[in-house]
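Coordinate inspection notes
These are the residues of each chain, in order.
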Amino acid sequence: RCIKPNMCKMPDQFDQNIVLNQLRYSGMLETVRIRRAGFPVRRPFQDFYKRYYMLMKNLTPPDDMKGRCCALLREYDKSKKEWQLGKSKVFLRESLEHRLEKEREEQVYKAALVIQAHILGYIARKRYRNICNCILVIQKNLRAVLERKKYLHLRKASIIFQKHLRGKLARRTFKQLLEEKHRKEEEKRRKEEEERERKRIEAEMLAQKKAEEARIQAEEARKAEEARKQHELELKLEAEQAMEKMKDQSSQKDSNQVEEILRLEREIQNLQRKKEQQEMSLTEASLQRLQQLRDEELKRLEDDASRAAQEFLESLNFDEIDECVLNFEKSLGSDYSS
């Protein structure tokens, strides 16, 4: 429970009477009195001996744990007024526990001092050995520095002598190499000029050859386009002749199929005209895409026309008309593949 220091709920104010009344009415004073009258400290034999065994240096401990605890307690209280032994625990008053804790702290402090002394001694010996090793290293390096200075002095003198001798030989060699270098540079410059002239002539010849090839390709493309247009015109004439024959020999149902074929042919012609008009204003990528779409549409229209013509021919079963339509289909197929 909380203990109120004052009735005004103010900080830094402690009313002794109010606090004493609260402790009395809450039973705390009675609890403290009962605790002092009994044995509030209760430890098992094993824990008690493990905590206070260092206080039995001058005693000969018995074999059993209870006897060891009894011998230790008799050393500090022979009247047995402040301690009792149970079946598995040691019962102590607080005063005896305080004395035991104080003795234990002193023993632990002494043991800590001994450990500290050994550790400090070990550290000091280690430091001394390190200092001795450092002194040896310093002496070694100092002797090495002195010997090195002597060696460097002799080396410097020998280098000066070698420098003058090698300088004389190097100047002689340099003069010869310089003359050789001028001669090689002159030859290299002459070869580079010849190589540049040869490459220029080859480039001019290659440009002329490419221009001629481009002209020939353009001429071949123009001729191929004219041949394709002529072939398409012939196919149209053949289709018109076939349609005229079929109109004379078929019924109203057959004429509808012929009209469908003619409609498909007109659509093909319209797509070809649109393609020729748009080729002048489209980029290379657009031309490729348009060519692909045109080929797909032409293939679809040709398939429809071929299917309609096949149905029409099957219904007529005329040898002459069948041969004409088959030739027309072959011509369309060869034109699409080319």
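Definitions and cut-offs
Residues numbered from 1 in each chain as written. Predicted model: local features only at pLDDT ≥ 70, side-chain atom pairs only at ≥ 80, totals over all residues. Heavy atoms only, no water. Core = buried A, V, L, I, M, F, W, Y, C linked by side-chain atoms within 4.5 Å. Buried < 20%, exposed > 50% of the residue type's maximum accessible area, 1.4 Å probe, protein only. Helix = DSSP H or I, 4+ residues; strand = E, 2+ residues; numbered from the N terminus. Contact = heavy atoms within 4.5 Å. Salt bridge = Lys/Arg side-chain N within 4 Å of Asp/Glu carboxyl O. Lys, Arg positive; Asp, Glu negative; His and termini not counted.

Now for the nonpolar core. Within the largest apolar cluster, 17 residues are counted, with the highest numbers of intra-cluster contacts made by Phe 48, Leu 73, Val 90, Leu 92 and Leu 100. Among the elements of the structure, helix 3 (45-52), helix 4 (65-76), strand 3 (89-92) and helix 5 (94-249) are those that each provide at least two residues to this core. Discounting residues that sit within four places of it in the chain, Leu 73 has contacts with Phe 48, Trp 83, Leu 85, Val 90, Leu 92, Leu 96 and Leu 100.

For the rest of this paragraph, the subject is the pattern of salt bridges. When charged atoms on two side chains of opposite charge get close, those side chains can pair. For the structure shown, the criterion picks out ten salt bridges. With a shortest N-O distance of 2.6 Å, Arg 198 and Glu 202 are connected by a salt bridge. With Arg 198 and Glu 202 both in helix 5 and four residues apart, this pair spans about one turn of that helix. Note on Arg 198: relative accessible area 39%, which makes it partly exposed. One salt bridge in this structure joins Arg 215 and Glu 212, with 2.2 Å as the shortest N-O distance. Here the residue Arg 215 and the residue Glu 212 both occupy positions in helix 5, the gap between them amounting to three residues, near one helical turn. Given the relative accessible area of 36%, Glu 212 is considered partly exposed. Connected through salt bridges with shared partners, the residues Glu 180, Arg 183 and Glu 187 form a single ionic network.

Turning our attention to the side chain of Glu 97. Relative to the helices and strands, Glu 97 resides in helix 5. Of the side chains with opposite charge, Arg 43 comes closest to the buried, unpaired Glu 97, at an N-O distance of 4.0 Å. If near-sequence neighbours (up to four positions away) are discounted, Glu 97 is found in contact with Val 41, Arg 43 and Tyr 52.

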